[in-house]
Amino acid sequence: LALALNTMADNLQTTRQGLERSAAHLRSVLGQMADGVAVVSLDERVQILNRAAGELLGIAPERAVGRRLSEVALNYDLVEFCHRALRLRTLVRDQIVSHGEPERTLALSANPILDDSGEPIGTVVSLRDITELMRLQKVRQDFVANASHELRTPVASIRALAETLEGGALEDPQASRRFVSQIVENTGSLGRL
């Protein structure tokens, strides 16, 4: 009996050490991730929050664990997003704006954690700050709109001058020289653009 108990104690010790190593490995991986990761239980309590998620939500990860997501995130859209993943029992993706300082645009994905019987027991949420990406996209859209406007003006002028020449202005040498000169000027303008 004593030998069996000692063997069982050794096995438990080995199992515990293995679990501790796995937990340390998981903490290390989550801590190094650039994306925020949160694990939220069915009763909306934060079970895991990595450093990146803490920064995005404006809270120290150790202060978040055990608290309700609505207290930690202070963002109704994020809480509703987690509810949607649980309700649909599938991966959901969305974007939200966090109203903290500074205001950020976050890309979210949430996947329910299901037990062996297929019942939800929590949610894994991934958060990515896409504020800079959205700003660059807006800059690109503005640039394209401005560039197309700037290009349309000389192109329209060249077309009008060419149509005028085609319509009979070629017969007037003085007018045709002036029109050709304006066409050359507008094509130079296009080249500079």
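Keep in mind it's a predicted model, so treat the numbers as computed, not measured.

Chemist: Explain the pattern of salt bridges here, please?
Modeler: Counted according to the given criterion, the structure contains 12 salt bridges. For the salt bridge of Asp 43 with Arg 45, the shortest nitrogen-to-oxygen distance reads 3.9 Å. Look at Arg 45 and you get partly exposed, because its relative accessible area is 34%. Among the salt bridges present, the one from Arg 89 reaches Glu 119, with a minimum N-O distance of 3.1 Å.

Chemist: Can you help me understand the layout of surface pockets in this one?
Modeler: Empty space among the atoms becomes visible once a probe the size of a water molecule is rolled across them. The space that makes up the second largest pocket amounts to roughly 150 Å³. Ala 23, Leu 26, Arg 27, Leu 30, Gly 31, Gln 47, Ile 48, Leu 49, Asn 50 and Val 65 together form the lining of the second largest pocket. Mapped onto the lining of the second largest pocket, the elements with two or more residues apiece are helix 1 (2-32) and strand 2 (46-49). Tallying contributions element by element places helix 1 first for the lining of the second largest pocket, with 5 residues. A breakdown of the residues in the lining of the second largest pocket according to their chemical character gives 6 nonpolar, 3 polar and 1 charged.

Chemist: Explanation requested: empty space enclosed by the protein in the structure shown.
Modeler: Scanning the entire structure with this criterion turns up 1 cavity of 30 Å³ or more. As a volume, the largest cavity reaches approximately 50 Å³. Among the secondary structure elements, those contributing two or more residues to the lining of the largest cavity are strand 1 (36-41) and helix 5 (76-88). Looking at the lining of the largest cavity, the element that brings in the most residues is helix 5, giving 4 residues. A breakdown of the residues in the lining of the largest cavity according to their chemical character gives 6 nonpolar, 3 polar and 1 charged.

Chemist: I tried to follow the side chain of Ser 41 on my own but got confused; where do I start?
Modeler: Along the chain, Ser 41 turns up in strand 1. In this structure Ser 41 comes out as buried when scored by relative accessible area, which is 9%. For Ser 41, the side chain forms a polar contact with the side chain of Asp 43, separated by 2.3 Å. For Ser 41, the contacting residues outside a window of four places in its chain are Gln 47, Ile 121 and Gly 122.

Criteria and cut-off values
Residues numbered from 1 in each chain as written. Predicted model: local features only at pLDDT ≥ 70, side-chain atom pairs only at ≥ 80, totals over all residues. Heavy atoms only, no water. Salt bridge = Lys/Arg side-chain N within 4 Å of Asp/Glu carboxyl O. Buried < 20%, exposed > 50% of the residue type's maximum accessible area, 1.4 Å probe, protein only. 1 Å grid on protein atoms, 1.4 Å probe; cavity = no way out; pocket = protein on both sides within 12 Å on 5 of 7 lines; lining within 4 Å. Points joined across faces, edges and corners; volume = space filled by probe spheres on them. Helix = DSSP H or I, 4+ residues; strand = E, 2+ residues; numbered from the N terminus. Nonpolar A, V, L, I, M, F, W, Y, C, P; charged D, E, K, R; others polar. Polar contact = N/O pair within 3.5 Å; in protein donor to acceptor, adjacent residues only side chain to side chain. Contact = heavy atoms within 4.5 Å.

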